[in-house]
Each structure stands twice: as structure tokens, then as C-alpha cells.
Amino acid sequence: MSNTVVIPPSMLPEDGRFGSGPSKIRPDQVHALEAGATTILGTSHRQTPVKQLVGSIREGLASFFAVPDGYEVVLGNGGATAFWDIACASLITRQAAFGVYGSFSAKAAASTKSAPFLEDPVVYEAEPGSCRLPEPTEYVDAYCWAHNETSTGVAAPVRRIEGSREQGALTIVDGTSAAGALRVDIAQTDAYYFSPQKAFGSDGGLWLAILSPDAVARAYGIEKSTGLEGARRWIPPFLSLKSAIENSRKDQTLNTPAIATLVMLEEQVRWLNNNGGMAWATARCDKSASLLYRWAERSEYARPFVDDPACRSHAVVTIDIDDSINAKQITAALRENGIVDTSGYRKLGRNQLRIGVFPSVEPADVIALTECIDYVVERL
Ligand SMILES: *Cc1c(COP(=O)(O)O)cnc(C)c1O
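Residues numbered from 1 in each chain as written. Predicted model: local features only at pLDDT ≥ 70, side-chain atom pairs only at ≥ 80, totals over all residues. Heavy atoms only, no water.

1. Considering the site of the ligand
Next, step 1: Looking at the ligand, there are 13 residues lining it, with Thr81, Thr150, Asp174, Ser195 and Lys198 nearest.
Next, step 2: Interatomic distance of 2.4 Å between a side-chain N/O atom of Thr150 and an oxygen atom of the ligand.
Next, step 3: Burial of the ligand by the protein amounts to 87% of the accessible area it has alone, namely 380 Å².
Next, step 4: Take the shell around the ligand: its biggest share by element is four residues, from helix H3 (residues 79-90).
Next, step 5: Classifying every residue of the shell around the ligand gives three nonpolar, eight polar and two charged. (Near = heavy atom within 4 Å. Polar contact = N/O pair within 3.5 Å; in protein donor to acceptor, adjacent residues only side chain to side chain. Areas by Shrake-Rupley, 256 points an atom, 1.4 Å probe, with all protein chains shown as cover. Helix = DSSP H or I, 4+ residues; strand = E, 2+ residues; numbered from the N terminus. Nonpolar A, V, L, I, M, F, W, Y, C, P; charged D, E, K, R; others polar.)

2. What about the sheet that holds strand S1 (residues 72-77)?
Next, step 1: Across the sheet, which stays open at both edges, the seven strands sit in the order S1-S9-S8-S7-S4-S2-S3 with mixed pairing between neighbours. Of all the strands in the sheet, the pair left with one neighbour each is S1 and strand S3 (122-125). The sheet shows a mean angle of 20° between the axes of neighbouring strands, direction not considered.
Next, step 2: The sheet contacts of helix H4 (residues 103-114) involve strand S2 (96-100), S3 and strand S4 (142-146), and relative to S2 the element is tilted by about 155°. (Pairing = 2+ DSSP bridges. Axes fitted to C-alpha atoms, helices over the stretch in contact; angles between N-to-C directions. Contact = heavy atoms within 4.5 Å.)

3. Some words on the packing of helix H9 (residues 327-336) against helix H10 (residues 363-379)
Next, step 1: One can describe the packing of H9 onto H10 by two numbers: an axis separation of 10 Å at closest approach and a directional angle of 115°. When the axis of H9 is compared with that of H10, the two are roughly perpendicular. The two elements H9 and H10 meet at a crossing, and its hand is right-handed. For the pair H9 and H10, the contacting residues are Ile330, Ala333 and Leu334 in the first and Leu369, Cys372, Ile373, Val376 and Val377 in the second.
Next, step 2: A breakdown of the residues in the contact of H9 with H10 according to their chemical character gives eight nonpolar, no polar and no charged. (Parallel < 35°, antiparallel > 145°, perpendicular 65-115°, else oblique. Left-handed = near helix turned anticlockwise from the far one by under 90°.)

Function-wise, these values are silent; they only describe arrangement.
In C-alpha cells:
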């Protein structure tokens, strides 16, 4: 990769961050850090200022998601990855059914498979680039899938599986890269969980979950119950959802959170709500995503990876590149010009670009990105 392509500065997007997580952090979020530099940063998470911050995040998210009566916003340390193990320890009683259509949905199912006190999950699998919800399955007590499969750019519907309520099964949805970017009716879920470094443009390390009264009751019930052999399930305190719920009700976390992550998250939730909440955020993502898909459809060397337009994500856009051009050379040239994190998901192994179009990304920057890609490809 010797001959560098220099993109004229006037063509460049104002902000070159298009990652699918970690993703663009808006300058105002960093200003919020500066504003709290001597008052909140470096202070106790058990005292009022930080508790108020957590309270504001919980209220702001409840408003953003228009949560039904009785639902609670709960948080803890460890990111969505930790929540997979929390679901095993604290939400799934015997067995879960999974929809698997990419890396993240597969990892969630793998966590359940590794839990010795659970039966192996029933897995409904689809090829990367398509999507498959779990099907009605006897005996299972949880249905799980991902709203947005970040590894492939596939968005899945979020609606309860037929018969799930009658059989007493919870609906547990990984909303990590969808929350804040894609429409969702929380009433269709019992646990909708996510990390803040995607559409909420903060840093990683935290998980947030919106829990239904049934999910809360399940978490309390599992901690009280004895298993098949009369032994109690060992629930490591870090994976106890009951403990997270009780801490969250006091606007706290079990152990010390990254306060900077909370500050930047709080600023983003307020920004989204002030601009019009979920309706505004999702319309903005629709716009950015359709700019990219339409560009790819018109392009002679690019096309949307996901065939079914209904499954194409409006949060993470995946674009296949013609084999005559090496996508890695495109992403490398873009990076040298300050446009970063446009590579496809490594393990998917396709000649592909993957672009995060979360609410923080300016649609005008998405247009500039497409022009920069064309500019680079013409000169490779
Ligand atoms: C990023 C991501 C995760 C993992 O999030 P962490 O915060 O790194 O644990 C899980 N699920 C989906 C769908 C993701 O996009």
C-alpha cells in the first residue's frame, strides 16, 4: 500500500468516525466531561451528584423508550457481554430458544450452552446476511435474539413469539447496536439490553436493561428457588440481576462505574430526547442508511450485502465490494485521510465495508463518505 490517495480536504466529512462501536462521541459529550471536571469526575458514586446522573439516565431512557407501566431501567458494569451471563444466571430457568444469524447472536447462545445448570439452547440459525427469529418451542422459558446483528448489518423484528406468554416464557432481546437507532416497542420484550458505546455514543463498560415486571419477578424467583437436585443455583453476585435491580432503584451500581461513561451517556440521552426522542433519532438513522444503500445500488462496484431490504439495518450498513477491488485497500486509504472504522466485521471475512450510522453521525457526513469512497476507488 505505497501510493497514498490524498482526498481533497473540501470533500472530507466534518467528522470521520463511522465505527459500529465504539462509535462517534459528539464534542458536546466531551464538553459535558469538562463541565463536570472538578465536580463529578473523581467523586463518589454513592453521593448525590453521581446518583443524580444515574437517575437522569434512567428517567431519560424510560422517556426515550416510552416504557410501559411497571418496566424498570436497570444498569450494571460489564457491557452487553456481561448481560449474556446475567441472563444465564438470573433470567433463564431451564432452557432458552435462540435466533442466531451472526457473531453476536451466536455468542449469546454460546453463553447459555456453557451454563452447566441449563439445558442446551434450541437454536434457530440462518445464514449471515439474513435473519431468523426463534420459533415457538415447547418447554423453553426464554426466547432470545438480537435486534441488530452488528456483525452482518441485519435488523430483526422485535415482537413476542406466538404463544410465548401463555407458556410463561420471557422475551430477551439484545438491543446493543439497535437501542437509540432503531424503532422498538418495549412492550414486546421482557428484557431489552444494550451497551452505551453504540447509538448512545458513550464509552463501553456498562450494560443497561429495560426489564418488564415478569423479568423482575423471574430474577427474584430464580434467586429463591432450589434446582432439580434440591441445590440452589450459585449466582455470582456480579451476575445477580436482583442485586442490579436493587442498586438501580437507588440510582447506583453494584460496584464502581466509569463516571465518565455515565456523564457522556447522560448528555447523549438528553440530546436525543431534546431533539424529538426515538422518532427523531430513528428518522435520522433511516436517512443516513438509505443514502448509503441507494449509493451502493447505483454504484458499479458496490452493493448492499443484505439482500432483503426489510432486513437491512438502519444502524449498521454493510456494503459488499466487487472482487476486482480490495475493500481493505479502500478502508486503509480512508483511514489515512482520517475516515476511520469502515472495515467489515473481521470474522465474517467478506470483501466488505461496514458503516455505523448512529444518530450522532451527520447525514451530510454520510454523503461526503460516499463521495470519498468513490474518489479513492477511482485512484486505487
Ligand atoms: C457490541 C455488541 C455486543 C457486545 O457489547 P460489549 O459492550 O462489548 O459487551 C453485544 N451484542 C451486540 C449486538 C453488539 O453489537
